[in-house]
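A closer look at the structure
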Amino acid sequence: EQDITFLRHTGLQVCQAFERLGGDIELMLREVDLTLDRLRQPEYRLPHTTLRQMLAHGTDATGREDFGLHVGNTVEPLTFASVGISWLSSDTAWHGMQRMARFSELMVTGARPILTETDTTIEVCLNGERIEFASPELVNMVAASLLRMTQLTINDNALPQRLDLLRPKPEDPQPWMAVFG
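The structure reproduced in this document is the subject of the present report. In this text the structure is predicted, and so the values were computed from the model without any measurement.

Along the protein chain, the regular secondary structure elements total 10 helices and 4 strands. Order of helices (α) and strands (β) in the protein chain, N terminus to C terminus: β-α-α-α-β-α-α-α-α-α-β-β-α-α. Its C-alpha radius of gyration of 16 Å places the protein chain within 12% of the 16 Å reference for a compact globule of 181 residues. If you line up the protein chain on its principal axes, its C-alpha atoms span 50 × 40 × 30 Å. Relative to its full complement of 181 residues, the protein chain shows a buried share of 45%. A separation of at least 24 residues holds for 63% of the contacts in the protein chain among residues at least 6 apart in sequence. Carbon together with sulfur atoms contributes 51% to the accessible area of the protein chain, which is approximately 9,800 Å² in total.

Here it is, written out as structure tokens:
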């Protein structure tokens, strides 16, 4: 798990979402032994274990099982750095997803998205060398981020036809229904 890293923007996204929900980001960062200055360094890669700790802290501190959804649903294209801009400059969401898949290793080391297109759907399967380390919060964040980027490309009403999240069933599915339809 130690060899998995994320773009530093992912940590900043978690901080912004946590602060919007009334969280104390300084306390969260102290608990995970991180600083905003470090997150702002262009060459910094966020370790997977630290991201998981940040998401778990956000979930516990806000009391929201859907914290990861909130993080992903508020994603900005620059969270994915140049890959996000590349996605949005694509002619279609399909082309944007193809670019995301091609350059996914820039966002997350070990990421292996598999895209399959049919006449009416695009199936996105997220695999990786260390997929077993994905926490429920991380699964929520990634799924909501992909939907958000698709909505920014197509329109805000685009919703998945089917969604399988590899995570335990939430106690209250309403927040997931609100995001994914």
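As a volume, the second largest pocket reaches approximately 180 Å³. Lining the second largest pocket, in full, are Leu163, Leu165, Arg167, Lys169, Pro170, Pro173, Trp176, Met177, Phe180 and Gly181. By residue class, the composition of the lining of the second largest pocket is 7 nonpolar, 1 polar and 2 charged.

A few words now on the pattern of salt bridges. If charged atoms from side chains of opposite charge come close, those side chains can pair. Across all of its chains, the model carries 2 salt bridges by this definition. Asp37 serves as the salt-bridge partner of Arg40, at 3.9 Å between the closest nitrogen and oxygen. Take Asp37: its relative accessible area is 56%, and that puts it in the exposed class. Measuring nitrogen to oxygen at the nearest pair gives 3.0 Å for the salt bridge that ties Asp66 to Arg64. Given the relative accessible area of 29%, Arg64 is considered partly exposed.

Bringing helix α1 (residues 8–20) into the picture now. Look at α1: 19 Å from first C-alpha to last across 13 residues, which is about the 18 Å you get at 1.5 Å a residue. Residues of α1 that are buried include every one of Arg8, Thr10, Gly11, Leu12, Gln13, Val14, Cys15, Ala17 and Phe18, and no others. Positive phi shows up at Gly22, right after α1, with a value of about 90°.

One finds Val14, Leu39 and Met54 to be the most contacted residues of the largest nonpolar core, which totals 23 residues. The element best represented in this core is α1, accounting for 5 residues. Discounting chain neighbours no more than four positions away, the residues touching Met54 are Gly11, Val14, Cys15, Met28, Leu29, Val32, Leu34, Leu46 and Phe67. Counting residues in hydrophobic clusters, the runner-up holds 13 residues, among them Val75, Phe80, Val83 and Trp94.

Contact geometry of helix α6 (residues 81–88) with helix α9 (residues 136–153) gives a least axis separation of 9 Å together with a crossing angle of 40°. In terms of their interaxial angle, α6 and α9 are classed as oblique. Residues Gly84, Trp87 and Leu88 of α6 lie in contact with α9, whose contacting residues are Leu146, Met149, Thr150, Leu152 and Thr153. A breakdown of the residues in the contact of α6 with α9 according to their chemical character gives 5 nonpolar, 3 polar and no charged.

Our focus in this paragraph is α6. For the α-helix, the turn length of 3.6 residues means that residues three or four positions removed from each other point alike. If you check which residues of α6 are buried, you get Val83, Gly84, Ser86 and Trp87. Projection of α6 onto a plane perpendicular to its axis shows the buried side chains occupying an angular sector of 160°, all on one side. On its buried face, α6 sits against α7 (93–102), α8 (104–107) and α9.

Cut-offs and rules
Residues numbered from 1 in each chain as written. Predicted model: local features only at pLDDT ≥ 70, side-chain atom pairs only at ≥ 80, totals over all residues. Heavy atoms only, no water. Helix = DSSP H or I, 4+ residues; strand = E, 2+ residues; numbered from the N terminus. Rg over C-alpha atoms; globule rule 2.2 N^0.38 Å. Buried < 20%, exposed > 50% of the residue type's maximum accessible area, 1.4 Å probe, protein only. Contact = heavy atoms within 4.5 Å. Areas by Shrake-Rupley, 256 points an atom, 1.4 Å probe, with all protein chains shown as cover. 1 Å grid on protein atoms, 1.4 Å probe; cavity = no way out; pocket = protein on both sides within 12 Å on 5 of 7 lines; lining within 4 Å. Points joined across faces, edges and corners; volume = space filled by probe spheres on them. Nonpolar A, V, L, I, M, F, W, Y, C, P; charged D, E, K, R; others polar. Salt bridge = Lys/Arg side-chain N within 4 Å of Asp/Glu carboxyl O. Expected span 1.5 Å × (residues − 1). Core = buried A, V, L, I, M, F, W, Y, C linked by side-chain atoms within 4.5 Å. Axes fitted to C-alpha atoms, helices over the stretch in contact; angles between N-to-C directions. Parallel < 35°, antiparallel > 145°, perpendicular 65-115°, else oblique. Arc of directions from axis to C-beta.

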